[in-house]
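Notes for the structure review
These are the residues of each chain, in order.
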Number of protein chains: 4
Amino acid sequence: MNAFGKNFRVSVFGESHGAGIGVVIDGVPAGIDLLPEDFIPDLLRRKSGAKGTTPRKEEDMPELLSGVMAGHTTGAPLAILFRNGNTRPSDYSLFKEMPRPGHADFVAGVKWHDFNDPRGGGHFSGRVTLALVAAGVVARKLLHSDYAVELLSGHGMEMLQADPSMLFSVSASLVEVGGIPLSEVERPGVTDPSLLWSEKLDEAIAEGDSLGGIVECTVGNVPVGIGEPFFDSVESMISHMVFSIPGVRGIEFGDGFRAAGMKGSEHNDPLVSPSGVTSGNGAGGINGGISNGNPIVFRVAFKPTSSIGMTQHTWNFSAGKIASLDIRGRHDVCFALRTPVIVESAAATVLADLLLSLR
Amino acid sequence: MNAFGKNFRVSVFGESHGAGIGVVIDGVPAGIDLLPEDFIPDLLRRKSGAKGTTPRKEEDMPELLSGVMAGHTTGAPLAILFRNGNTRPSDYSLFKEMPRPGHADFVAGVKWHDFNDPRGGGHFSGRVTLALVAAGVVARKLLHSDYAVELLSGHGMEMLQADPSMLFSVSASLVEVGGIPLSEVERPGVTDPSLLWSEKLDEAIAEGDSLGGIVECTVGNVPVGIGEPFFDSVESMISHMVFSIPGVRGIEFGDGFRAAGMKGSEHNDPLVSPSGVTSGNGAGGINGGISNGNPIVFRVAFKPTSSIGMTQHTWNFSAGKIASLDIRGRHDVCFALRTPVIVESAAATVLADLLLSLR
Amino acid sequence: MNAFGKNFRVSVFGESHGAGIGVVIDGVPAGIDLLPEDFIPDLLRRKSGAKGTTPRKEEDMPELLSGVMAGHTTGAPLAILFRNGNTRPSDYSLFKEMPRPGHADFVAGVKWHDFNDPRGGGHFSGRVTLALVAAGVVARKLLHSDYAVELLSGHGMEMLQADPSMLFSVSASLVEVGGIPLSEVERPGVTDPSLLWSEKLDEAIAEGDSLGGIVECTVGNVPVGIGEPFFDSVESMISHMVFSIPGVRGIEFGDGFRAAGMKGSEHNDPLVSPSGVTSGNGAGGINGGISNGNPIVFRVAFKPTSSIGMTQHTWNFSAGKIASLDIRGRHDVCFALRTPVIVESAAATVLADLLLSLR
Amino acid sequence: MNAFGKNFRVSVFGESHGAGIGVVIDGVPAGIDLLPEDFIPDLLRRKSGAKGTTPRKEEDMPELLSGVMAGHTTGAPLAILFRNGNTRPSDYSLFKEMPRPGHADFVAGVKWHDFNDPRGGGHFSGRVTLALVAAGVVARKLLHSDYAVELLSGHGMEMLQADPSMLFSVSASLVEVGGIPLSEVERPGVTDPSLLWSEKLDEAIAEGDSLGGIVECTVGNVPVGIGEPFFDSVESMISHMVFSIPGVRGIEFGDGFRAAGMKGSEHNDPLVSPSGVTSGNGAGGINGGISNGNPIVFRVAFKPTSSIGMTQHTWNFSAGKIASLDIRGRHDVCFALRTPVIVESAAATVLADLLLSLR
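What comes next concerns the included structure. (Residues numbered from 1 in each chain as written. Chains lettered and ligands numbered in written order. Predicted model: local features only at pLDDT ≥ 70, side-chain atom pairs only at ≥ 80, totals over all residues. Heavy atoms only, no water.)

**Description of the sheet that holds strand E7 (residues 78-83) of chain C**
Residue and element names in this part refer to chain C. Inclusion rule: Two strands are said to pair when DSSP picks up at least two bridges between them. Numbering of helices and strands runs from the N terminus; a helix is a DSSP stretch of H or I covering at least four residues, while a strand is a stretch of E covering at least two. The contact criterion used throughout is that any non-hydrogen atoms of two residues lie within 4.5 Å. Fitting a line to C-alpha atoms yields each axis, with helices limited to the stretch in contact; the angle taken between N-to-C directions then spans 0 to 180 degrees.
Reading across the sheet, the five strands line up as E1-E2-E3-E7-E4 and stay open at both edges, with antiparallel pairing between neighbours. Of all the strands in the sheet, just strand E1 (3-4) and strand E4 (63-66) have a single pairing partner and so form its edges. Sheet topology places strand E2 (residues 9-14) next to strand E3 (residues 20-26); six bridges connect them, and they run antiparallel. The residue bridging Val12 from the neighbouring strand is Val23, located in E3. Helix H4 (residues 129-143) rests against E2, E3 and E7 of the sheet, and its axis sits at about 35° to E3.

Next up, the structure:
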């Protein structure tokens, strides 16, 4: 299923080395401001180039094929296309013979009977997250629109702040790289790491190895009442979308796994104000699957990049035995560095769908 | 949204102190063996009664309203109803005035404009998980059926074992209670805790406090190829369903959060056989969102029970200030003790849907 | 798929001679007035008893299992159950051997491998339309609520009339029975036919034969802008639901089939007022799949009842040849007489879903 | 909702005078043969150029953006784009001021608050049916594939014929133009009308008026058992999709509206063979919403083209009164001439979805 959402519905398509990557977004209300340049900041954040990211450079300018006219959405579905450039024709048949450890080569081959597109991972490539980022840009435009304010107000859920741009302020950053916690100071400026974890990166680069990381996402100014029981709890929807991002191994909300070792008296969040503010936020801003007015907070664990420069071993289907494999090409040493904007986009897209599902 | 799944679709309904709890299951193939007594073992596992669980006793015998005849499914939707008994009429208006910490009282009141049913948590009660357990029983019947074998075989995904009852063997158990890891030996026989964590329970009971826990679930004998990219990865679907269970704070697959601190050379799972077996299982049996033939392994963190016997504080909407609150009634000290069968049911239900979505 | 709708979602279940028929309705906003007695008028209209309808009598009182409290909806899903009574145990195995002409006996047997429930048609029985009528009652409550007025107003689609009970006034009646057109005067009081078509009924009863009919449905006070292009046009949604009703052979909107023989200058409906009123209503109140402010008008053709008293012939699977078949039991001579309320319910349910899908 | 289908899911996008029209098709099994040239015959049939169709010429070559490699589908979603060419920049603001009779100008303006794209009808243009035709080509490839044969066989529904290209043979043709029935001989060669209805066309052209028509579609070699009760009957699904095609006013199956005037003894179709063949086909190949093995037959009524050369009257929102309107531009005099391939595509797309929904 390459579609997600009920009322803000995204459908992704594309392959790493095919014609391009794209997304169709259905359900966007008419009259939301949207310009091509609105996509640039988030696309730049996802982009490679910094230390620890792949040297493959792509322009990644979106083409808005439909649903937008004169700087606003029309009510019809948006289609957004990113043409692939800078693809390097090469022989990927090797990975059918010798599936790369940690990649989808083997499973995609079995599932799709070797008809799958193996070039650069095909539809399993991290490049498909471009579509998520584009959807996230549109979702945020909606979340920060007057439309959102009026919709919430119609449901008796108006926020205190007058400024729509404050609503659903989604922000994610790395909080751990290669097992090293990042201080608040270190978190911004990820593109120029000058600190402890930068050394860890250098070490991994030198070894031809790779690193993982943890991203924390906070959504501020969330009205009380977002989320649809029983199955479309805020956590259910966010985790569904987040685990679509390649390389995610875990997700936790509020106190997360730590909550399992706490006592009720420690973990419970008593209400301390009529607006829903609680004394702590161990619930991560969610009770019973519904936003409680406190910031939604969750953390996502990313595995280390699967493609590494070191020699690995894997099954060789031609030879009928384990054999050594060397992966060449351009790869992120720590793709987690590029994921905060993707996590934000996932959260924004989910919230846009839940917002439009209010009744 | 109280429905989940595309081809094996469950719709839940009901409240804790209303007429009952139920589930409609649509998409069940005709000819799956199913008898009322098939539900008993799992319902017993979910039941309360052991130390640390609520003394509220319920018979919880399912009534199969439709879709079953002469011991097999007919192809029409199944409707299963659990009548509520042993409800204690009492005044829940207090919780509108003073929302219980950690509960959905406040958010449900805002979302549903105080029209929500507050009795025993209403639709937010953990009792709704009865519906999940019932769905899980049907899902497992399907997963272990000849139908499943033939469907997989039609997709060229036959398993080595001849016995369908071995397919998708789902099994979950507590691995941590109140922060104390349980050894393999301790995990079974949860109803009779005689060990270290039993003392922890006694302590919490004495204090009028509550505990959380961690459940680990393993699905064995999973064929390669289950899971539907991009959005319906195995992890996405399982986490979506699992976060519907009240009180879940986190989920992780394989190496989980630990993976974020590993190097690629440590975390990658090289294939060591043509059937998909990998050297380790840090990926939790899933690559690119698709099952890789190794056991699917995930862990779920449950928070401590929200309702505790100790005096708490919360906002009093009548008084316009924080006030003290004492919750009476029958509650689990550690509801996590009752959740392994619910987690299994969630996993089985998701796998049934993904199985029927193969193409 | 036994579920319909995106935001007002109905899931039906049940069989003619099983425990009962039911429906789960998800997405109903909290605070809609609803009492058990609200169902009675429509259930009575669907009921048999009049000339030309089956003598099988059923009480058909709905049990509201969930989602309702103190006379209003709670926001949680509604489950409504009609227990079957007055079932006559009998041997339906005959119809596996000799499928009844015009019935689903043969196709259900092939589709569900003879595991289907053949008793009284099982899940294919017209009795399942009880679930539709119940859903229609809830849908109309929503369509006529203050909630609807506020939602429309929030979208800038307020209606002139102040009275919500005037919104979406759905009304259907027979316009043809057994090929005989009914005058306006004849249409009401269907339960006491004293006119030309009454003789036609007498004739069919005497012959042991059956009749069909045509129902016309009009929805008044529809705001401009209902319907979701491209696929969820008003016509698409209504026809989808209407063809779920057993025995429907055709549907047409506005000028319908006659439009195919008209010229554009005859069929076009010029706007004659700023509120959307057109000079004629050949479009049946819909342009481009979206309501245009004029009444939505459509006609539904029902076939004659399949079960007739006359001896018929069909394939005998045991004998391997065509053989004669006599169907005993209680049947409607003209089930179309009972369908106007079902058609109304279908229209109301669709409109409720489209209303909640506005954005 | 611009998406249709559960397991063979099409999402359309695009506007008449925007960048292009496109479709994303999700759920296509891997390994279905598909080449760009496979689209040409159906696109040519939809094309204009014959008498009675618009002189606007477009190349309409599809660009396959994803999901296809080396002449077969990969398992990933297909995205197909038709770039718009030959658009004539012009001022469509007139139609906001003076909505064209029979068009969506007025309703789209109200629904989308004048943010809609009015150019050439925008997303409401008949040009969007290009996306349906493209989806239909892919659907037919699937329906005629070895995959379909194996899937049916796995469900015990094998067809007698060995040749997959015979399965689900969909064929539609005009049976009435401008009220004049076409003989069997006249139906083919629609591009070169030399007969009675050709004169009718000449007359309409001379008058600057337009004509409608009726299309009949037959699907042969349908196995018994296609269709999913209760809501996804074959008729429900086909009518849903067919009413998405702009300009449809009615649909009927088998005896259709005529059935309402028949007696049961006339309309019932007794089985005359164990394979499901019935004596007549008044049911249009469907019982209880499920295919019965006989050809599926339905007729679709198309209205006359809304855009006509004659002077019309409509509300002028600036002037606040009715005023005269002259529509210039290139239009089909009888767009129904171009619809048979669109109706076929709709049927094929629905059948592909129902085929993949078998369980």
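The discussion continues.
**Quick notes on the interface of chain C and chain D**
Our working definition: Two parts lose some accessible area (1.4 Å probe) when they are put together, and adding that loss for both gives the buried area. Here, a salt bridge means any side-chain nitrogen of Lys or Arg that lies within 4 Å of a carboxyl oxygen of Asp or Glu. Any pair of nitrogen or oxygen atoms within 3.5 Å is treated as a polar contact; in protein, a donor-acceptor pairing is required on top of that, and neighbouring residues in sequence qualify only through side-chain atoms on both sides. Each residue gets one label: Ala, Val, Leu, Ile, Met, Phe, Trp, Tyr, Cys and Pro are nonpolar, Asp, Glu, Lys and Arg are charged, and the others, such as Gly, are polar.
Listed by partner, the interface residues are 100 residues for chain C and 102 residues for chain D. Surface buried jointly by chain C and chain D totals about 7,900 Å² across both partners, of which 63% is contributed by carbon and sulfur atoms. When residues of chain C are sorted by the area they lose upon contact with chain D, Phe230, Phe231 and Arg249 of chain C head the list and together hold 12% of the total. For the pair chain C and chain D, the number of links is six salt bridges. Two residues, Lys263 of chain D and Glu207 of chain C, come together in a salt bridge whose shortest N-O distance is 2.8 Å. The interface formed by chain C and chain D contains 55 residue pairs in polar contact (both at pLDDT 80 or more). A class-by-class count of the residues in the side of chain C that touches chain D yields 47 nonpolar, 38 polar and 15 charged. The pairing of strand E11 (residues 248-253) of chain C with strand E11 (residues 248-253) of chain D spans three bridges and is antiparallel. Within E11 of chain D, the residue paired with Gly250 of chain C across the bridge is Glu252 of chain D.

**A word on the environment of Asp105 of chain C**
All names here are of chain C. Positionally, Asp105 belongs in helix H3 (residues 105-111). Separated by 250 residues in sequence, Asp105 and Leu355 place their C-alpha atoms 37 Å apart. Setting aside residues up to four positions removed in sequence, Asp105 forms contacts with Phe95, Pro99 and Arg100. Only 2.7 Å separates the side chain of Asp105 from the side chain of Arg100, close enough to count as a polar contact.

**Thoughts on a nonpolar patch on the surface**
Note the cut-off: Patches here: salt-bridge-free residues with over 30% relative accessible area, like charges joined within 9 Å, nonpolar side chains (Val, Leu, Ile, Met, Phe, Trp, Tyr) joined within 5 Å. For accessible areas, the Shrake-Rupley method is used with a probe of radius 1.4 Å. Any residue's cover is judged against the shown protein chains and nothing else.
Taken together, the side chains of Ile40, Leu44 and Met61 of chain A present a nonpolar region at the surface, about 270 Å² in accessible area. Topologically, Leu44 of chain A is positioned in helix H1 (residues 40-46).

**Focus: the interface of chain B and chain A**
In this assembly, 102 residues from chain B lie in contact with 101 residues from chain A. Counting each side, the surface lost to burial between chain B and chain A is near 7,900 Å², with a carbon and sulfur contribution of 63%. Its largest share of buried area at the contact with chain A, chain B owes to Phe230, Phe231 and Arg249 of chain B, together 12% of the area lost on that side. Counting every contact that joins chain B to chain A gives six salt bridges. For Lys263 of chain A, the salt bridge goes to Glu203 of chain B, with nearest N and O atoms at 2.8 Å. Our count for the contact surface shared by chain B and chain A stands at 55 residue pairs in polar contact (both at pLDDT 80 or more).

**Some points on the sheet that holds strand E3 (residues 20-26) of chain B**
Residues and elements named next belong to chain B. In space, the five strands of this open sheet follow the order E1-E2-E3-E7-E4, with antiparallel pairing throughout. This sheet does not close on itself; its edge strands, each paired only once, are strand E1 (3-4) and strand E4 (63-66). Pairing between E3 and strand E7 (residues 78-83): six bridges, direction antiparallel. Within E7, the position partnered with Gly20 by the bridge is Arg83.

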